[in-house]
Each structure stands twice: as structure tokens, then as C-alpha cells.
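Coordinate analysis (summary)
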Amino acid sequence: MDIVLQQLVNGLTLGSVYGLIAIGYTMVYGIIGMINFAHGDVYMVSAYITAIALAILTFFGIESFPIILVGTLFLTVAVTGAYGWVIERIAYRPLRSSSRLAVLISAIGMSLILQNYVQLSQGANQQGVPTLLTGALRFNVGDGFVQITYMKLLILFISILGMGVLTYVIQKTKLGRMCRATQQDRKMASILGIDTDKVISTVFVIGAVMAALAGVLVTLDYGAFDFYVGFIIGIKAFTAAVLGGIGSLPGAMLGGLILGLSEALFAGLISSDYKDVFSFSLLVLILIVRPSGLLGKPEVEKV
Amino acid sequence: MSQTVGINFKKSSIDALIAGFMALILFGPIVGVVLDGYGFNTEFGKVAWMVAAVAIGRFVMSSFLQTERGIAMAFRYANNDEGVEVLPPGHKSKMVWIIPLVIAIGLLVPFIASKYVLTVIILGLIYVLLGLGLNIVVGLAGLLDLGFVGFYAIGAYGLALGYENLGLGFWSMLPIAAIMAAIAGAILGFPVLRMHGDYLAIVTLGFGEIIRLILTNWASFTHGPNGVSAPLPTFFGLEFKRRSRDGETFHEFFNIPYDSAYKYMFIYIVLFAVVWAVLFIKHRLVKMPIGRAWEALREDEIACRSLGLNHVLVKLSAFMLGASTGGLAGVFFATYQGFVNPSSFTFFESALILAIVVLGGMGSTLGVVIAAFCLTVLPEMLREFAEYRVLMFGILMVVMMIWKPRGIVRVTRTGFAAKKGVVK
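So, a few notes on the structure that sits alongside this text.

Scoring rules and cut-offs
- Residues numbered from 1 in each chain as written.
- Chains lettered and ligands numbered in written order.
- Predicted model: local features only at pLDDT ≥ 70, side-chain atom pairs only at ≥ 80, totals over all residues.
- Heavy atoms only, no water.
- Phe/Tyr/Trp six-rings, centres within 6.5 Å; stacked < 30°, edge-to-face > 60°.
- Buried < 20%, exposed > 50% of the residue type's maximum accessible area, 1.4 Å probe, protein only.
- Helix = DSSP H or I, 4+ residues; strand = E, 2+ residues; numbered from the N terminus.
- Axes fitted to C-alpha atoms, helices over the stretch in contact; angles between N-to-C directions.
- Parallel < 35°, antiparallel > 145°, perpendicular 65-115°, else oblique.
- Contact = heavy atoms within 4.5 Å.
- Nonpolar A, V, L, I, M, F, W, Y, C, P; charged D, E, K, R; others polar.
- Buried area = accessible area lost by both parts, 1.4 Å probe.
- Salt bridge = Lys/Arg side-chain N within 4 Å of Asp/Glu carboxyl O.
- Polar contact = N/O pair within 3.5 Å; in protein donor to acceptor, adjacent residues only side chain to side chain.
- 1 Å grid on protein atoms, 1.4 Å probe; cavity = no way out; pocket = protein on both sides within 12 Å on 5 of 7 lines; lining within 4 Å.
- Points joined across faces, edges and corners; volume = space filled by probe spheres on them.
- Pairing = 2+ DSSP bridges.

What to know about the packing of aromatic side chains
Evaluation of the coordinates by the stated rule reveals 20 aromatic pairs over all chains. Look at Phe 59 of chain A and Phe 60 of chain A: their rings are 5.4 Å apart centre to centre, the planes differ by 70 degrees, and that puts the pair in the edge-to-face class. The class of Phe 59 of chain A is exposed, set by a relative accessible area of 57%. Using a relative accessible area of 60% as the deciding quantity, one classes Phe 60 of chain A as exposed. Ring geometry for Phe 148 of chain B versus Phe 151 of chain B: centroids 5.8 Å apart, planes at 75 degrees, classification edge-to-face. Placement of both Phe 148 of chain B and Phe 151 of chain B in helix α6 (residues 148–166) is noted, with a separation of three residues, approximately one turn of the helix. Overall, Phe 151 of chain B belongs to the buried group, its relative accessible area being 0%. Ring-pair connections join several aromatic residues into one group, and the members of that group are Phe 227, Tyr 228 and Phe 231 of chain A together with Phe 347 of chain B.

Pasting the structure below:
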């Protein structure tokens, strides 16, 4: 019983992280109808920037955790946002009118570029960051106990906050209205005076920022990362996006939670070696049974 | 009235400034601050060079795009996604002369090349096979398959495990691996028939990863990351070893001195023959209705289906044929290495094969052959740039898609004309 509860807690935090990254996929898919293949690598870059920001902040002798956290978040979000913008500029914008296959291949190229750029400049070894926030809440359950580390609480808090702010921005602000209009009909939106190129750029930046939030939180919690982490977590976040219904924001969050919970339970109860196989199989299964996801609208083929 | 186009240097400078600033943000942290444990070393000199290069490059590009020529070029590259080029009927291909020449040179290679060169060429030919296989799926049928390495792994592990558990050798495994990979292709193909484009890409990517993860984790069967040894090919039962436990070896039978290059010569010749066979089969298939159907599917799936093409059959056949070629390549890879382990079958390998197809020209056989050699042999020759290889592939893929989405060698096809006397 305590194992199940513990895995539920772990799955919840894992799922909120997947949800954050899935937002990037879902928003880009919603607006230009294609998968941003380099999104997982944006997450990977943010993990590196987190460690670099941490190293710089400690170099300047800053010790207090809140300042370090805010400083790292700020730096990582800013730099990773710039990555999102540049990726759109280089790999997507010149290909607006090309076939989907061309865009997809260019995105895969971008993903390779990012991976190798980081590997060449930072080395292929696994990197790590020190543990900054220690301590945990413990609850006795039966003859065992369930523990929630403060870091996991922080992950939950920040990701819920991030998703809340984003939902507000999309639902209530002018920028959000522009995004939704562009998502519905890009041509019409641009006729009505919306700079759709700018909106698409913004969406890429928002996606990158959300991935950066996830990157900071996971790196601070887990500690270790290398240039390859973006690949696996990218596919998983994509699975989450598809599970919830790609193109739908609440869907991404819901999908992330479901995937995180089921993966944690699978790892805890059945086998942790095959947990990635489980996620990938889940992806294939969802796409076969319900390609539009839980909250998505079915795709209509236009002729 | 002639309109003079002047270069607006102010605009170029602003563009350069923005690009330089973005480069500073992008390169600054990752290149400039190199992590070293929990501390870091700085390399600001490198960052300064990179930022300067980006800013100057952007300035030059921005200025050039304002000239008349630049505008014309930008316009040309904005819409260059045309389909197949059709040659006039009765066009005589130069291939009639080139093919026998290439075969003759190819047959001479093992006798003049050194062992090292031979191994590199074998690797190149293995990638030619892989490229041809993926070319059917991506280039001809337009189904983006990112898990192609899975079929390659099936072939390679098929040989290694088949030898270990069932005692199957190279020759019996060659057809079996092709069939096994084709079945795997069909298994993958069935569920993904309803998908296209991006979904298909991700599902196939997941499939490739599932195979790799199983190879890594199922240690009791596949020996996990330690890998399995694979057998060498035999020449009518004669082994290419110095000494054999059972019976004579190749050099003893022919009474020639032992040379470790014999086995590579043999692999090369078999591989050479298989590549030509695949080339021939593919060449014929493209002209047959099934090949035309693949290409039609690539250009417009909905139109195809509304015209009555059975898209299930078309997609499955592309998947299965592509996969079986990948399986063949896997068998050659295993016997060439004498050893397989999961690290040879990562996503990067899939991306490399995709780069071959993309660079060579989607659907173009000649292009794929050239690209396979360029992307595998060149990095061997330029050893000192080996670490930049993947970066180059990435840049190549992005640049190619912007510049020439249909690859270097455009697909051409001879047009049909009515026979004389048939049409009045």
C-alpha cells in the first residue's frame, strides 16, 4: 500500500513535468499543425543552462536558496526562450509553404544540431548539480511511510502556477486572443490584421519557456543529466500531449498527469527496466485507438 | 522605367546587430561557460568569434538579399517544391554505359584496395542498402519512418542470435532476416496505416526505441549491453579463419597463404551482388504499378484514395519492402563486425539513414547511392572532423530542406509516347 501511494506521489510530480513540456508540443501543433521535433532538445538545453546558472550564482557567492531559485529560473527561462525563437526562425519560418515532410525533416535536423552543439561544447559526460533543497514531509501509512520531498512540492507548486498563468494568458489577454484566432484560421487572422508570423514566434517562445520551467525543476530535483535527456523526455511529453488530445491545453496537462501516474505505477509495481517501453507502447496504442486523444477534436481531412 | 535597387545599409546593420545579440544569448552560456564538476571554466574567446561570425554573416546575407540578384534568388527558393521532372520520350540514358563500368571497377576493388579501404567501402555499401530500403518508404511512398534502425537491428540480431541458439549461418540467415524484417514491417505497418505525416514519424520512432530498449534490457536472451558475437560468412562451407575446428578453411582448401583480408573480400563481393540485385529490383518496381502507386501516395494521399488505389496494400508493401532491405543490411553489418550490441542501433543511426535519403534526393536511386558513400566514407577520410559529423548532418538536413527539398539528384522519368502507327 505504501509503495502504491509513494509511486502516486512520484507520478504526480513526474506527470506535472510531462504536462509542462507537453504544452510546447500542443501549442505548436495547434497553431501550425505540426510536431516541433526539437522540443525535447530545448528541454535538454534548459537543463544545461540551469546547471550553468547555478554554477555562476554560486561563483558570485550567493547562498540563499530562494535567490538562487529565482535567479536560475529567470536566466534559464530567458535563454531557453531565445532558443525557441531562433529555432522557429531557422528551421520553420523559411519552410512555411513547403511540404510537411520537408518541415519535419528540417526539425529533426534542428534536433540533431542542438544535441551535438551541446555535446561538442560541454562534453559528452553526464553532468550534475548539487542538491540545494533537502528535507521531506513524511506520513506513516500502515507499517511503512510515504515521503514527499520539499523539492517535489516545489515542482508541483511551480508547475501548477506555470500552467495557471499560461491558461490565464491564453484565455483572457490580447495575446491569447491572437493565438487562438491564429490557431483557428491562420489566413483569416492575418487578413484581419494579426501578425501571424509574430504569433507563431510567440508560441514557440512560450513552449520553450514551459520546457525551461520543467528543465530547471527536474534538474534541481534529479541532479544528473546529459545531452541525450531531451530525446526520451521529448517522446514522453509528446505521448502526454497525444493522450490528452494534441492541440488542447488542458489536454496536455491531463495527459501529462495520466502518463506520469501510470508510468510511476508501472515502474513501482511491475518493472522499472521496461517503463520506457511501457510509455512508447502506450503512445502507439493511443494513436491506434483514439488518435484525437481524450480532450481533442477529431482531425478533419480537408481536400 | 528601371527601378534601381540600393542596399539599405542601415537595415543590414540592424539585422546584423539583432543576429549578433541572439548569438550572444545562444552561445554565451553553453559555449562560453563549460561545466566542470560543480564549477566552470570560461571560454569567452570562442564565443566572441562565433558571435562575430554570425553578425558578419547576417550582415552580408541581409545586404545580398537586398540586391536585385538576391531578391530573385529568394523568390526562386521560396517556391521550389516541384514534383518529378519528366524527360522527353525517347530519351537515352547514359546509365547504359556507366553501369557496366561501375560494375567492372567494383569487381576490381577488393583486389587492389587495402584492407582498411575495403572495410570502409563495405560500410558504405551497407549504408547504400539501408538508404535504398528507407528510400522506398520515405522517398517513394512519402511515409516518414524514423524507426528504420529497428529493422536493421532485427537483421543483425537475427544473425547473431540465430547462430547462437539455432546454429543458423550467414547464408541461411540472409533470406530469413529479410523475411523477419518484412514481417516486422507489416506488424508496424498495420496499426499505423491510418496515420500519416508527423504521427507516423513519432510512432515509428517509438517502435525503433522499443526494439533498442528490449535489446538492452532482455539480458537473458540478448546479453543486454554486452552484445552477441556473430558468425562470419562461409564459402561453400569453408571458413575464413586461420584454423577451423571442423574441416578445412578457405586458405587451406585453395592452398594459398592465410590473409585476414579474405573474409572482407568475400563479404564485399556478396554485398556488392546484393546491392545490385536490390538496385535492379527497385528500378523495376518503380516502373511497375506498385511503384507508381507509392509515388502517387506520396504526392497526395486523399486524391489517391478517391481514385480507387488500395492505400492499405500500397503502404504495407512499401513498409515491408523497405524493412526487408534494412534486414539484409543488418545481416551484413553483423557479419562484418563479427559482433552486435544495442549501441549500434540508436535513433542517431535512423537519422543518418534519413539524412542519406534526404540528401540524395527523395526517391532518386542514384542520389541515395552517392549520398550514402558521401556520408559514410567522407567522415572516415576526414578523421579529425569526426566529432563534427552529427552536427554537420543536422545542418545539412535543415539547409537541404530550405534550399533543395527534393535532394541533390532530382528524380527524373522518361515520358511515354505512343508507338508509331498506333495513333492515326
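Examining the packing of helix α1 (residues 2–32) of chain A against helix α9 (residues 229–244) of chain A
Residues and elements named next belong to chain A. Put simply, α1 and α9 touch, their axes get as near as 8 Å, and they point 75 degrees apart. With respect to α9, the axis of α1 lies roughly perpendicular. Across the interface between the two elements, Tyr 18, Ile 21, Ala 22, Tyr 25 and Thr 26 from α1 touch Ile 233, Gly 234, Ile 235, Lys 236, Ala 237, Phe 238, Ala 240 and Ala 241 from α9. Split by residue class, the contact of α1 with α9 holds ten nonpolar, two polar and one charged.

Topic: the interface of chain B and chain A
In this assembly, 57 residues from chain B lie in contact with 69 residues from chain A. Of the roughly 5,600 Å² buried between chain B and chain A, counting both surfaces, carbon and sulfur atoms make up 77%. Taken together, the links from chain B to chain A amount to zero salt bridges. In this structure, the connection of chain B to chain A is made through one residue pair in polar contact (both at pLDDT 80 or more). At the level of elements, α1 (9–32), β1 (33–36), β2 (39–42), α8 (197–217), α15 (347–360) and α17 (389–403) of chain B are the ones that each hand at least two residues to the side of chain B that touches chain A. Per element, the largest residue contribution to the side of chain B that touches chain A is 13 residues, and it comes from α8 of chain B.

Some details on the layout of surface pockets
The space that makes up the second largest pocket amounts to roughly 2,000 Å³. Contributing to the lining of the second largest pocket are 45 residues, with Arg 89 and Ile 90 of chain A together with Arg 58, Met 61 and Ile 402 of chain B lying nearest its centre. Only α3 (65–92) and α4 (100–122) of chain A together with α1, α2 (44–64), α3 (68–78) and α17 of chain B provide two or more residues apiece to the lining of the second largest pocket. Residues of the lining of the second largest pocket, tallied by class, amount to 35 nonpolar, three polar and seven charged.

A few points about the pairing of strand β3 (residues 144–149) of chain A
All names here are of chain A. Burial of β3 is one-sided: the residues Gly 144, Val 146 and Ile 148 facing one way are buried, the residues Phe 145, Gln 147 and Thr 149 facing the other way are not. Two strands pair when backbone bridges link them, and strand β2 (residues 136–141) and β3 are joined in this way by six bridges, in the antiparallel orientation. Bridging from a neighbouring strand, Arg 138 pairs with Gln 147 of β3. As consecutive antiparallel partners, β2 and β3 are separated by two residues, and within that stretch Gly 142 has a phi angle of approximately 60 degrees, a positive value.

Brief notes about the pattern of salt bridges
All names here are of chain A. Applying the stated criterion across every chain, the model contains six salt bridges over all chains. Note that Arg 93 is salt-bridged to Glu 88, the shortest N-O span being 3.3 Å. Take Glu 88: its relative accessible area is 0%, and that puts it in the buried class. Measuring nitrogen to oxygen at the nearest pair gives 2.6 Å for the salt bridge that ties Asp 276 to Lys 236. With Asp 276 in helix α11 (residues 275–289) and Lys 236 in helix α9, the pair connects residues that are 40 residues apart, well separated along the chain. Residue Lys 236 is classed as buried on the basis of its relative accessible area, which comes to 4%. Counted as one network, the salt bridges with shared partners bring together Lys 236, Glu 263 and Asp 276.

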